[in-house]
Each structure stands twice: as structure tokens, then as C-alpha cells.
Amino acid sequence: MAQIQLNLYTPVREPTTLLKAVREGLAPFITKTTPHQQEQSGQEMAELELMDGTALTVRMYYDPVFLIGYLAQMVDFFRRMETSHRRAKAFVLSCVPKFQGMVSIRFETTEEKARTNCLMRGIFMAAARLDALTAAADGSLYQPDGRLLLGASGDSQVGEEELEEFGTSETAQPGENGQKSSPTSENRELLAARGIDTPRELTAFVGEHPSCQRTAEEIAHRASALFAAAVCAETIQNGAAPLVAKKVVERLNQTLGGGLMEWTTSRERAYLEDEKPPMGDTIDFAWKYEACQVLLWVLGHRELSFPDRSCNASGIGSVLWNCGGMEKLLTARPHRTEEEIWQQADLTFRCQWACRQAAAQRKGMPGKLNQGVVYERAWAFRWLLGDGDWEDMDPNRV
């Protein structure tokens with residue numbers, strides 16, 4: 001199998017902090033950590049055992065003499081680079097002197113793309129915790145949000161105006177000019193109170209006040225399918241065999257009155273029918289409780305707290321296991337109004353923007369936002385507002 005190696009360059013030097021950040025970023029994948037003290041001064045190594053039985057190796061370098069020589073080579077590499085992205089080049093060169101630690105992460109790849117994507121997402125989350133830039137084998141540098149800051153061939157996915165304008169966006173105040181506060185301005189005020197400043201306009205959606213494009217029945221079917229995939233993934237994560245997880249889904253289908261598999265997407269159906277589901281898919285689908293929570297909220301069955309923590313999966317389960325069938329799920333409670341849906345969608349998109357900006361600036365998540373929760377909620381709201389079919393959307397669009 002091929003291997004991927006990524007190096008995280010960070011101002012953080014303390015090895016315990018370095019390993020902790022990597023473990024937290026990759027927490028959903030890890031079953032065991034085995035640390036090994038290396039003989040070389042200023043270098044430590046740990047092995048993280050993953051759910052699929054493979055290992056991910058983490059080496060932490062914090063010896064000043066080693067790093068000075070290593071970073072000098074990096075400076076020389078980027079200084080010689082010919083690129084039209086001059087500001088990105090200057091930005092990289094200004095960052096290098098601040099690095100005091102390096103984390104080298106190596107893992108084997110498989111044919112399972114979802115597994116690799118999930119591991120990469122976890123590594124970028126670790127990079128955000130460490131204020132780190134991530135380097136690929138060819139020397140290309142990536143921001144914690146996964147975008148290419150400066151490639152080995154001089155290309156970049158980051159606009160020069162972004163590097164110039166970090167943290168300088170103007171924010172209008174709610175109710176300015178004597179006008180009544182709108183849901184958008186109320187959200188900006190709520191976020192500002194938590195130390196999260198967002199601009200007045202963010203996306204094509206923000207400010208246009210789109211309406212919900214899904215019927216109640218579509219929403220209930222989508223919530224049920226998401227819950228089925230999530231509960232199957234959670235059952236497997238807890239150590240049960242896939243056959244046991246399938247039986248749990250079959251019981252859910254009976255509880256809802258049948259038809260569950262007809263409401264799933266092709267990817268969800270493939271996962272639920274797989275006798276040996278891939279680890280990456282299991283990790284990914286376990287997160288779908290967060291999107292399910294949004295859809296149940298629209299139907300009046302749940303409340304949405306601030307997205308700084310994971311939802312209560314048991315609470316979601318209590319709704320779907322005890323609803324008494326699809327008809328009662330649809331009629332048991334008053335549904336949310338268009339205004340309520342838009343206000344929560346706008347809040348979520350603003351949180352998503354703030355997460356992306358923090359990652360781009362190599363800062364911690366503002367207001368203690370949970371990036372995974374925000375990502376899943378944004379996916380659900382974009383589907384509700386008609387941004388595309390469930391599997392075809394781009395939830396990263398901000």
C-alpha cells in the first residue's frame with residue numbers, strides 16, 4: 001500500500017501538546033496510542049492504532065538545532081520559487097521564523113477514498129489546534145482549512161486579498177440607522193457577544209432570505225435515513241458486528257412503518273448493505289446525527305443549541321424510536337416557520353465562515369465552535385434551502 005506523509009510546522013514546541021493536538025484531531029479514528037521515547041534528543045514518536053487495525057505514526061521534532069537547519073532549507077526553497085502569488089510567498093516566509101516544532105504524520109492509504117479523506121480532515125483539525133501549516137511531500141504548504149497556500153509549482157488557492165485582509169472585516173451593528181434588527185443582524189450580535197465577528201454578507205444565500213424547498217415528508221424521510229446510517233455506524237463503532245447493526249436498522253424500519261431503504265441515498269444504501277463497511281464511511285456516517293438533529297428541529301421535535309458541542313444522539317433516538325410511525329412523526333408537533341428556518345440557517349453559515357477563517361489564519365475555533373457540528377448543520381440547511389441533492393452539494397461553499 002502507498003503511504004502519505006504530512007509535516008505540520010507549528011509555533012508550539014512542547015511534545016505533549018503536539019501529540020495531544022494530533023490525538024484530538026484524529027480522536028474518532030483511534031483505538032489505542034503507543035508512545036515511544038526516541039534516543040535522539042528533541043525527537044519523540046508515537047503510534048496511533050486506527051479502527052481498521054492499521055497504524056498512523058506521529059513523530060515530534062522540537063530540537064532547536066535540527067529545526068534551524070530544516071527551516072533554513074524551507075526558506076531557501078520558497079525564496080527561490082517563481083510565483084505570481086507574491087503575497088502568499090511573503091506570507092509563508094514571514095511564518096517560517098515562528099516555527100518551533102514539527103510533527104511528521106505518516107499513514108498507509110487504501111482504495112477507500114473516504115478513509116483517506118477523513119484522516120486528512122482530522123490532520124487539518126490538528127493543524128488548526130497547533131496554529132500550523134501542513135506540508136506535503138513535494139513541499140506544498142496547506143492551510144488548516146485544507147486549501148493550498150503555496151504549491152511547489154507556485155500555485156495557490158488563497159486570494160491575495162485574503163492574506164492582506166485577515167481579521168479586518170467590517171461588521172455593521174444591529175439596528176443601525178434606526179431600523180428594526182433583522183434575523184441576520186441578530187445573529188451577528190449573538191456571535192459578536194461570543195467573540196465571533198462576521199461580515200454583513202457571506203454567500204449567495206445570506207441576505208437573500210431563501211425559503212425552505214423541501215416538504216415535511218421529504219424532511220422526515222431524509223431525517224430517518226440519516227438516523228439509520230448514524231445508528232448503524234455508532235453500533236459498529238461500539239464493537240458490534242455489521243450483522244448486528246443491520247438488525248438494528250431493520251427494527252428501525254419496522255418502527256417507522258417500512259420504506260426506510262427507499263429514502264436513503266445510493267451511498268447510504270451501499271453502507272447499510274455492506275457486510276464489511278469501510279472505516280472511513282463509519283466515521284463519516286456517525287457524524288450524521290448532527291444533520292439529523294437539524295431536520296428533526298424543522299419538524300418541531302428537537303431544539304438547536306449553539307454549535308459548540310455535539311448533539312445528544314440518545315435524544316434524537318428517543319424521537320425516532322418512539323414516534324409511533326411516519327405519520328405521527330410528521331403531525332405530532334408544529335413545524336418551524338420560514339423565519340425560524342432562515343435565522344438558524346444564517347447563524348450556521350456565519351459559524352461556518354468563522355470556522356474557515358480561523359483555520360485559514362491558523363487560530364483556534366472562535367467561540368469554542370465545533371467545526372464538525374457546524375459542517376454537518378451547514379450541509380442540512382443547504383439541502384433544506386434547495387442548494388442541491390443530498391450527495392451533490394458543496395457544504396464548504398462560503
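Residues numbered from 1 in each chain as written. Predicted model: local features only at pLDDT ≥ 70, side-chain atom pairs only at ≥ 80, totals over all residues. Heavy atoms only, no water.

Peer 1: What's the story with the overall build of the chain in this structure? I'm lost.
Peer 2: Secondary structure assignment for the chain yields 15 helices and eight strands. Across the 398 residues that make up the chain, the buried fraction comes to 52%. Contacts spanning at least 24 positions in sequence make up 69% of the contacts within the chain whose residues lie at least 6 apart. A total accessible area of about 18500 Å² is found for the chain, and carbon and sulfur atoms account for 46% of it. (Helix = DSSP H or I, 4+ residues; strand = E, 2+ residues; numbered from the N terminus. Buried < 20%, exposed > 50% of the residue type's maximum accessible area, 1.4 Å probe, protein only. Contact = heavy atoms within 4.5 Å. Areas by Shrake-Rupley, 256 points an atom, 1.4 Å probe, with all protein chains shown as cover.)

Peer 1: Before we go on, may I ask you to explain the confidence of the model for the chain in this structure?
Peer 2: In regions of low pLDDT, the predicted coordinates are not meant to be interpreted in detail. Averaged over the chain, the pLDDT score is 85; the fraction of residues at 70 or greater is 89%. Element-level pLDDT for the chain is lowest in helix α5 (residues 160-165), with a mean of 60, against a maximum mean of 95 in helix α11 (residues 289-298). Considering only residues more than four positions removed or in separate chains, one finds that residues 164-181, a stretch of pLDDT under 50, has 23 contacts. (pLDDT = per-residue confidence, 0-100.)

Peer 1: Would you mind showing me how to read the environment of M261 here?
Peer 2: Relative to the helices and strands, M261 resides in the loop between α8 (242-256) and α9 (266-273). For the pair M261 and L272, spaced eleven residues apart in sequence, the C-alpha separation works out to 8.9 Å. Filtering out sequence-adjacent residues up to four positions away, M261 remains in contact with R269, L272 and E273.

Peer 1: Would you mind going over the packing of helix α7 (residues 216-237) against helix α10 (residues 279-286) with me for this structure?
Peer 2: Where α7 meets α10, the axes come as close as 8 Å, and the angle between the chain directions of the two elements is 125 degrees. Looking at the two axes, α7 sits oblique to α10. Of the two possible hands of crossing, α7 and α10 adopt the one that is left-handed. Facing α7, whose interface residues are A229, A230, A233, I236 and Q237, α10 presents T282, I283, F285 and A286. Looking at the contact of α7 with α10, its residues break down into seven nonpolar, two polar and no charged. (Axes fitted to C-alpha atoms, helices over the stretch in contact; angles between N-to-C directions. Parallel < 35°, antiparallel > 145°, perpendicular 65-115°, else oblique. Left-handed = near helix turned anticlockwise from the far one by under 90°. Nonpolar A, V, L, I, M, F, W, Y, C, P; charged D, E, K, R; others polar.)

Peer 1: In this structure, what is going on with the nonpolar core? I would like to understand it.
Peer 2: General note: in soluble globular proteins, nonpolar side chains tend to be found buried as a group. F381 and L384 are the most contacted members of the largest nonpolar core, which has 57 residues in total. If you tally residues by element for this core, the top one is α7, at 13 residues. I30, V58, F107 and I123 belong to the second largest nonpolar core, which has 29 residues in total. (Core = buried A, V, L, I, M, F, W, Y, C linked by side-chain atoms within 4.5 Å.)

Peer 1: Just checking my understanding: could you explain the packing of aromatic side chains for this structure?
Peer 2: The description of an aromatic ring pair rests on the distance of the ring centres and on the angle between the ring planes. Tallied over the full model, the rule gives eleven aromatic pairs. Note on F77 and F78: the rings are 5.0 Å apart at their centroids and 85 degrees apart in plane angle, and the pair reads as edge-to-face. On the basis of relative accessibility, which here comes to 35%, the residue F77 falls in the partly exposed class. Between the aromatic rings of F227 and W321, the centroid separation amounts to 6.3 Å while the plane-to-plane angle is 80 degrees, which identifies the pairing as edge-to-face. In this pair, F227 sits in helix α7 while W321 sits in helix α12 (residues 313-321), placing the two residues 94 residues apart along the sequence. Among the residues examined, F227 registers a relative accessible area of 1% and is labelled buried. Residue class for W321 comes out partly exposed when judged on its relative accessible area of 28%. Cluster of aromatic residues (ring-pair linked, three or more members): Y375, W379, W383 and W390. Here the basic side chain of R194 rests over the ring of F306, its NZ or CZ set 3.7 Å away from the ring centre. (Phe/Tyr/Trp six-rings, centres within 6.5 Å; stacked < 30°, edge-to-face > 60°. Lys NZ or Arg CZ within 6 Å of the ring centre and 35° of its normal.)

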